[in-house]
Amino acid sequence: MKFDIPIAWPDPRHPARRINLCSGRADASRLKNKIAFDAFNAAFADGDFPATRFDFCELFVNGEWMGVWEACGSNRDIVPDDTLLYKLRVEQRRLWRTTETSFVDCLSTPNGMEGDPYKPIAELFEFTAKSSPECFAKELSSRFSLENLIDYYLVVNCIDDADGVFANQYFARCPGKGKFLIIPWDCDEILLNPGTPHSNY
């Protein structure tokens, strides 16, 4: 198997240990992920973590050309090894009003971490679901990177990423900071409804 992409791809600071190939199942143009992730990376330029990078590659298997595919790195490769990383599954559509963690997968934990790895995300959901407006406004910046949160939802709205509002997200907690960030994922259904912007964000 051969790819025509550099070995340090997607980012010299975060060499790819995993590369995902995407066939464009939901996007015949195969341009939507590229548009979205370029926008997220531009917005996150001064943030804690970049978004992963999407690009295009030619794929050869045993010398046979298999066509042009989308290639993307893994979100595990753009965060430090001691980061708590969670993936939200698509069935949950009420992210900011739930205290459930059954729809969350914990993908990585800091070495030597003791206790339940789901406790930090459960505490975050408890806060977002049950805080009064005054408490929410006062304490959000101590629990979440506001720069990341603002940049993320600005891009989500600009590209009409309906899935990005409630599901296609990774949550990462920065080592040593205790604050969460959102890392985007799976943007192949953006720009579907340009006449119906998200009225709730």
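Heads up: the structure comes first, above all this text.
I will try to describe carefully the structure that is included in this document. Bear in mind the structure is a predicted one, so any value in this text is a computation, not a measurement.

The N-to-C vectors of helix 2 (residues 119–130) and helix 3 (residues 133–143) enclose an angle of 155°; their axes lie 10 Å apart at closest approach. Judged on the interaxial angle alone, helix 3 and helix 2 are roughly antiparallel. You can see that helix 2 and helix 3 cross each other, and the crossing is left-handed. The segment helix 2 lies against helix 3, with Glu 123, Leu 124, Phe 127 and Thr 128 engaging Cys 135, Phe 136, Glu 139, Leu 140 and Arg 143. For the contact of helix 2 with helix 3, a count of residues per class yields five nonpolar, one polar and three charged.

This part takes up the pattern of salt bridges. Considering all chains together, one arrives at three salt bridges under this definition. We note a salt bridge from Glu 126 to Lys 130, for which the minimum N-O separation is 3.1 Å. Of this pair, Glu 126 and Lys 130 both sit in helix 2, four residues apart, which is roughly one turn of that helix. A residue is classified by how much of its surface remains accessible, and Glu 126, at 36% relative accessible area, is partly exposed.

We now examine a nonpolar patch on the surface. Taken together, the side chains of Leu 31, Ile 35, Phe 56, Trp 65, Val 68 and Leu 191 define a hydrophobic patch exposed on the protein surface, amounting to about 540 Å² of accessible area. When you line up the elements, Leu 31 lands in the loop between strand 4 (19–22) and helix 1 (32–43). Leu 31 gets classed as partly exposed once you look at its relative accessible area, which sits at 43%.

For the rest of this paragraph, the subject is the state of the cysteines. For the structure on display, the rule yields zero disulfides. Between Cys 57, a free cysteine, and Cys 22, which holds the nearest cysteine sulfur, the sulfur-to-sulfur gap is 9.5 Å.

The subject of this paragraph is the nonpolar core. Grouped together as the largest cluster of nonpolar side chains are 41 residues, with contacts concentrated most on Phe 40, Phe 144, Phe 171 and Ile 183. When residues of this core are traced back to their parent elements, those giving at least two are helix 1, strand 7 (84–88), helix 2, helix 4 (146–158), helix 5 (162–166), strand 9 (169–173) and strand 10 (180–184). Looking at this core, the element that brings in the most residues is helix 4, giving five residues.

Rules of the game
Residues numbered from 1 in each chain as written. Predicted model: local features only at pLDDT ≥ 70, side-chain atom pairs only at ≥ 80, totals over all residues. Heavy atoms only, no water. Axes fitted to C-alpha atoms, helices over the stretch in contact; angles between N-to-C directions. Helix = DSSP H or I, 4+ residues; strand = E, 2+ residues; numbered from the N terminus. Parallel < 35°, antiparallel > 145°, perpendicular 65-115°, else oblique. Left-handed = near helix turned anticlockwise from the far one by under 90°. Contact = heavy atoms within 4.5 Å. Nonpolar A, V, L, I, M, F, W, Y, C, P; charged D, E, K, R; others polar. Salt bridge = Lys/Arg side-chain N within 4 Å of Asp/Glu carboxyl O. Buried < 20%, exposed > 50% of the residue type's maximum accessible area, 1.4 Å probe, protein only. Patch = residues over 30% accessible without salt bridge, like charges linked within 9 Å, V, L, I, M, F, W, Y side chains within 5 Å. Areas by Shrake-Rupley, 256 points an atom, 1.4 Å probe, with all protein chains shown as cover. Disulfide = S-S within 2.5 Å. Core = buried A, V, L, I, M, F, W, Y, C linked by side-chain atoms within 4.5 Å.

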